[in-house]
Structure formats: C-alpha cells, structure tokens
Amino acid sequence: MSATRHTRVLTGITTSGTPHLGNYVGAVRPAIAASRAPATESFYFLADLHSLIKTQDPAMTQRSTLEIAATWLAAGLEPDRVWFYRQSDIPEITELTWFLTCVAGKGILNRAHAYKAAVDRNRADGEDDDAGVSAGLFMYPVLMAADILIFNADRVPVGRDQIQHIEMARDFGQRFNHVYGRDWFTLPEAVIDEQVATLPGLDGRKMSKSYGNTIPLFVPRDELRRLVFSMVTDSRAPGEPKDTAGSAVFQLYQAFASKEETAAFAQAYADGIGWGEAKQRLFDRVDAEIAPLRERYNALMARPGDIEDILRDGARRLRERYATPLLAELRHAVGLRDLSQGVHGDAAGPSADAVHALPVFKQYREDAGFSFKLVDGDVLLLQGVHFDAPREAGQLIARLRRGDATLSAGADGAVLLDGQVIGTLAGTSGLDVLQDALARLREAEAAA
Ligand code: TRP
C-alpha cells in the first residue's frame, strides 16, 4: 500500500437467494470490473448478518452464502487484490453496531423506507403499526452503517433503494464523531451507476426473484438453453421484420454482446430472423461468456472448504489490519477502559448535552458572505443561503423562530419561506424534521 491513502470502495452483498443473470449483469460484472481500477482499495463482503432479517431458514442461509461466495470468485474477484470476507467473521462489526445504536436517533430509523413501508402495510390492513416487524428490520440501517464506517469507506456503490441507508450511515458517523470529539469515521458517499442495465426476465418484466422470472446464472448448459427458448416473444413469423424495442430477447443479447454484434443482431431483426434462430443466437452468446465461469463455479462448489478458507483468511487479515485496532481505540474513546489506568477525561465529549440539547441557530461569516444554519445536537437540519449583511441573516432567523410565514420544500432539498429560497435541507432530514425542530424551539421559548 502506498503512502497516500487509496480511495476505499465498499459493497455488501446480502446472502439471500441464488444469483441470476440480472444480478450478474447489474451487480457482479460491473463490481468486478471496478475492483481492478487503480488507486482503489476495494471491500466486498457477504452480508450474512443482514440476511437473517429476511430469512430464518438456516440451511438456506448456508447454501446461499456458499453460492454467492462461489459466484463472485468464479466471476473473477481476486481475493489477493481486494478484501473479500464474510460480515459475521468480523465480530468488531457487531460491536460497532452497538456503539452506533447508542448515538443513532430513533426518529431517524422511524423514517427508514423499509420500516415505513412495513408500518404502512400494517395500517392499511388495520393491524398494529409494528405487527410482524422485528427489531432487526428496524435496526437494519445501523448494522449497515457499521459495515461501512468500520473500514472508513469513501464510496459505496449501491442501488437507488439504498441511498437513504448511506445517508443514515453518514448521520450516525457524524453523530459519533461529534459526541466523541474526533473524526473517528469518514463520512461515506453513495455511488449510483446510471449505466448498469436492468435485464428483462423470461416474461419481459424486470428480471427479479419476486416475479419468478429469473434465469439462474449457473444452471447447467441444457437448462440455460431451455430457459432461453421459453422467453416470451410476439407472434411474428419467420421472414417478418421484428421490433428490437421491447424485445426481451434483444435486450438480453445486448447485455452480453459488443456494439458490432448488437448492430448485426438488429439487422437480423429487420431482415425477419425467426424467433427460434434469434433465441439460438442469444443462447450461444450468453453461454460463450458464462461457460468458463460456470466451469470455475462448479469446481469451487465441489470444494466448499476452499471457499471457507478464502473467506476466513480475508476476515483474519482485515481484522488484524483495521478492525481490531480501531475497536480498541473506540472502546477507549467511549469509556470502556482499563480500570487500572486511572480515570482521564480525554475524548469523553459532550455526549449528554449533544444528545439532549434543543436545536440552535448558528450565524457565521464565510468568504461568500454571512450565513446561518440550524443544528439539532450535532445534526445539520438547515443550511442557510448567504447574505451581504449579518442583519439579514438575523432577521430571517427571527421570522423562522416566530413561525408566522409558510415553509415549503423546493427541488434538490431547497427550503422556501413564503416562496423565497432561504436554504437547503441536509442529509436525511425532510421538511417535517425542520418543522418539528422549529416547533420544539418555539415551545421551549414559550415555556421559558
Ligand atoms: N443493504 C444492502 C442491499 O440490500 C446490502 C448491504 C449490507 C450493504 N451492508 C452493506 C451494501 C454495506 C453496501 C454497504 O443491497
């Protein structure tokens, strides 16, 4: 490792289910290509603790962990060049989860999409809000934050549905840094790849386990052929020109073919290729890419002990290098200390105050002008625009405190007061959070 710190890129793979072609094209293949980028230190791990939230079938958990590990290795992940490990092999992750749990705002977890969706379903069904919701589901974002923060990841490639979790990881990391008085954690950025293809499944809808329309990645060759031939098409006869737009056969082909091959296939559509022949060409193209991987996959699956060794070795080296020393420091920072060493007050931080204080407005000066922000404990709720004079910022704050004007949300987190942009919302907080904070301030003032 060179003296300058490489960018750390980290991704977790939930170990539920059997990988299909859509996972391969949308996640595995691009991630492995990215792992070869220079000046990056990549972390890929099997999120098996997360999988327990969804699946409580032990045999399935084990099988899925094995299959997913074998898939990534067969697809070309190099465990000597990247960190490849299993979450549950790093007990420091679960320990950090608790430290973060104790600074994480419960209100923030209440707003997590997955949890809110469960509550909404319950309400629609006339059930208790939390019926059937495990504390594990509720705490999911904290475990995920620990995964990310423990290795100070800079960038986290994820699907859109995970952006909120990364924002929460930033929030919890920031809170911890503030409470314990030092930049313990790097605040991660989500990376969304707009390019990655979503593949159509057998029925033409997005390939997804929940639709039951997948082509498993490593089925035997004959089964792959059978599945490709079962894909839906329209009823045009051989000789009739065919539409590439909306053709699942075409889209799947494109995900595996070069530009030239794709252009030639489009020409064949225009020339009226029969569906049987089109499917044969699709099968040949997919199989040409998958066959060598399938061979490696089968060899790996026949030697599960080798996979176990690779994963354990990754976790052992990673703990030694980062996780164990970091947790020793963090234990000390939070006050879980050697009692024989005498009591010292360093790095204890203003924890109680930071957690319980009222929101406060802060005014300050920058090159761009005078500005203000509203912070709740250590969390930034509103970042104000800049003004030429400090009085203008002061007057705006007075109006916000009085609450006699209407707040609304604009594009990209903009906050408007009576239609004028006054600042932007920060991180995971929505307008409702800002309004709550202002209401609390007013209440406290009224009570004083
Ligand atoms: N929640 C992620 C998903 O469902 C998986 C995951 C767990 C993850 N921990 C992570 C992804 C840390 C990125 C970083 O896709």
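Residues numbered from 1 in each chain as written. Predicted model: local features only at pLDDT ≥ 70, side-chain atom pairs only at ≥ 80, totals over all residues. Heavy atoms only, no water.

To continue, consider a negative patch on the surface. Negative charge collects at one region of the surface, where Asp125, Glu127, Asp128 and Asp130 lie side by side. With respect to the secondary-structure elements, Glu127 resides in the loop between helix H6 (113–124) and helix H7 (135–149). Residue class for Glu127 comes out partly exposed when judged on its relative accessible area of 46%. (Patch = residues over 30% accessible without salt bridge, like charges linked within 9 Å, V, L, I, M, F, W, Y side chains within 5 Å. Areas by Shrake-Rupley, 256 points an atom, 1.4 Å probe, with all protein chains shown as cover. Salt bridge = Lys/Arg side-chain N within 4 Å of Asp/Glu carboxyl O. Lys, Arg positive; Asp, Glu negative; His and termini not counted. Charge placed at Lys NZ, Arg CZ, Asp CG, Glu CD. Helix = DSSP H or I, 4+ residues; strand = E, 2+ residues; numbered from the N terminus. Buried < 20%, exposed > 50% of the residue type's maximum accessible area, 1.4 Å probe, protein only.)

Another point: the pairing of strand E11 (residues 420–425). Where strand E8 (residues 379–384) and E11 come together, 3 bridges link them in antiparallel fashion. From the neighbouring strand, Gln383 faces E11, where its bridge partner is Thr424. (Pairing = 2+ DSSP bridges.)

Within the secondary structure layout, Asn122 lies in helix H6. We classify Asn122 as buried; its relative accessible area is 10%. With sequence-adjacent residues up to four places away left out, Asn122 is seen in contact with Glu127, Asp128, Asp129, Asp130, Ala131 and Val133. (Contact = heavy atoms within 4.5 Å.)

Under the defined criterion, the tally for this structure stands at 19 aromatic pairs. Ring centres of Trp83 and Tyr322 lie 6.1 Å apart, and the angle between their planes is 70 degrees; on these two criteria the pair is classed as edge-to-face. Of this pair, Trp83 sits in strand E3 (residues 83–86) while Tyr322 sits in helix H13 (residues 304–334), and the two are 239 residues apart along the sequence. Judged by relative accessible area, which is 12%, Trp83 ranks as buried. (Phe/Tyr/Trp six-rings, centres within 6.5 Å; stacked < 30°, edge-to-face > 60°.)

Let's shift gears to the site of the ligand. Contacts to the ligand come from 13 residues, most closely from Gly12, His50, Tyr140, Asp147 and Gln162. Contacts to the ligand include Tyr140, whose side-chain N or O atom sits 2.5 Å from a nitrogen atom. Interatomic distance of 2.9 Å between a side-chain N/O atom of Gln162 and a nitrogen atom of the ligand. Here the ligand loses 87% of its free accessible area of 370 Å² to cover by the protein chains. Broken down by secondary-structure element, the contributors of at least two residues to the shell around the ligand are strand E1 (7–14), strand E2 (40–47) and H7. In terms of residue count, the dominant contributor to the shell around the ligand is H7 (4 residues). (Near = heavy atom within 4 Å. Polar contact = N/O pair within 3.5 Å; in protein donor to acceptor, adjacent residues only side chain to side chain.)

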